[in-house]
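Notes for the structure review
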Amino acid sequence: MWINHHLKTAGVKRVVTNFGSDLMDGEVLTHVLHQVDPENCSLAPLDIADLENRAETILENADKTGCRKFVNASDIVQGNARMNLAFVATIFSKFPNIGDTNKELALENELQKLREENQKLNQVNSELTGSLNNLKQQLDDTKTSHNNLEESLNDVKQQLDDTKTSHDNLKVSLNDVKQQLDDTLNAHSKLKEDHDQLQRDYIDVNEQRDNLEQEKDKLSNPVSHKECEEALAKANAEIELLKARILELENLLQSQTTPINPPPTSKTLNVIIRQGWLSKESGRATIALPKISFSLIRRASVSSGIGKQFQRRWFILKGEFLSYYKDPSNVSKPNGAIYLRSARVFELTKEASLVKTQQQSEFAFELTTDEENRTYVIYASSFDDRRAWTEAIKQVKATHFTLYGKPPK
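Now for a look at the structure at hand.

So, how was this worked out
Residues numbered from 1 in each chain as written. Predicted model: local features only at pLDDT ≥ 70, side-chain atom pairs only at ≥ 80, totals over all residues. Heavy atoms only, no water. Helix = DSSP H or I, 4+ residues; strand = E, 2+ residues; numbered from the N terminus. Buried < 20%, exposed > 50% of the residue type's maximum accessible area, 1.4 Å probe, protein only. Contact = heavy atoms within 4.5 Å. Areas by Shrake-Rupley, 256 points an atom, 1.4 Å probe, with all protein chains shown as cover. Salt bridge = Lys/Arg side-chain N within 4 Å of Asp/Glu carboxyl O. Pairing = 2+ DSSP bridges. Polar contact = N/O pair within 3.5 Å; in protein donor to acceptor, adjacent residues only side chain to side chain.

Things to note about the overall build of the protein
Helix and strand content of the protein: eleven helices and eight strands. Of all 409 residues assigned to the protein, the portion counted as buried reaches 33%. Taking as baseline every contact in the protein between residues at least 6 positions apart, the subset at least 24 positions apart corresponds to 64%. When the accessible surface of the protein is totalled, it reaches about 24700 Å², and 52% of it is carbon and sulfur.

Things to note about the pattern of salt bridges
Under the counting rule described, the total for this entry stands at eight salt bridges. Linking Asp25 and Arg14 is a salt bridge whose minimum nitrogen-to-oxygen distance equals 2.8 Å. You can see Asp25 sitting in the loop between α1 (2-9) and α2 (27-36) and its partner Arg14 sitting in the loop between α1 and α2, a full eleven residues away along the chain. Given a relative accessible area of 27%, Arg14 falls into the partly exposed group.

Structural notes on the pairing of strand β1 (residues 272-281)
Both β1 and strand β3 (residues 310-318) contribute to a ladder of nine bridges, which runs antiparallel. Among the inter-strand pairings, Lys280 is bridged to a residue of β3, identified as Gln311. Both β1 and strand β8 (residues 374-379) contribute to a ladder of two bridges, which runs antiparallel. By the bridge assignment for β8, Ser279 is matched with Tyr379.

Describing the pairing of β3
Sheet faces and side chains relate simply in a regular strand, where the side chains alternate between the two faces. In this sheet, strand β4 (residues 321-325) lies alongside β3 in antiparallel orientation, the contact comprising five bridges. When the bridges of β4 are listed, Trp314 appears paired with Tyr325. Here β3 folds back onto β4, and the loop between the two strands holds two residues, one of which, Gly319, carries a positive phi near 65°.

A few points about the side chain of Glu320
Counting through the fold element by element, Glu320 comes out in the loop between β3 and β4. Of note is the side chain of Glu320, whose polar atom sits 3.4 Å from the side chain of Tyr339.

Structural data, given as structure tokens:
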């Protein structure tokens, strides 16, 4: 029986056989309530001698557990079996377990603690799992970084080898530049001599022009006056040519003080700098400028001939050559080429153009080469086109030819 089991567990040597007289003294009820709820129901009622007061205290304890129903203190003291049965049934319905209630509570508390500890361990395990995954990811990242570093190291080694090769090439280029510098100094001296000679020629021409002016004043007949005017125009054209050549030599002299460009490579020699249509006069031998005299001018004015013929050609400026072709769609083999290493380029005035070709043009320029001992007169389509071609040729000479008249090594 439930109530007797709790009495036996509590160590009380009593057996309940009825719910009347066996419960009248309150001792059984006190022990049973203490067994099922020791925190709220103590054994203090047993110390009360008055049975009425003891029964009231028992009901107060029962009220703490929520089991005070149907019965009052007088029902307990008078042994009202029905009321006591209902009261015991209420306690049973609230605490139906049989056994050592204190141990069960202790085990339940221990179990709850174990559950809490297990929850904490699960949380720690989850955190450790996350940390382990992070460590694995970091390890993978470290391996990847290590592989990347190895690749970078190999690249650096390759760059070091390339740098060593470039250093050796630079040494060779430096020796070439030193040799070019010596040759440039020699060329500089020659250019100075040419410049001085042109200055002297320029002074002589000015003197001859002054003489022509004096001769002009002396002439009175119209025919002689016309001849003098033509001779004077030719002299002015020659002066303009001399001015242009002096300026070209001064530019060449000034370029000797600038850093020497490295020797041209096959890559730079194959780059097309400029191309387009130009009109070319056939080349003629270059001659030294003669001293102008009045009689020579008279002979030139009388024997002036028909203007020269010009051919329209497709010109390509590439590397060290200015090549020309009949057809721009077929440039595999040029009709001719002008080697630019020692070539000198001048823009011609209208007067100079008339002297050179017996044709007057504002857009002509002249190329004179030492290797071929030839002079080429070329017509452009406009002033800007002529300037673009002459500047491009000068740029090629400044880029590819650091020495005057000597091929690079």
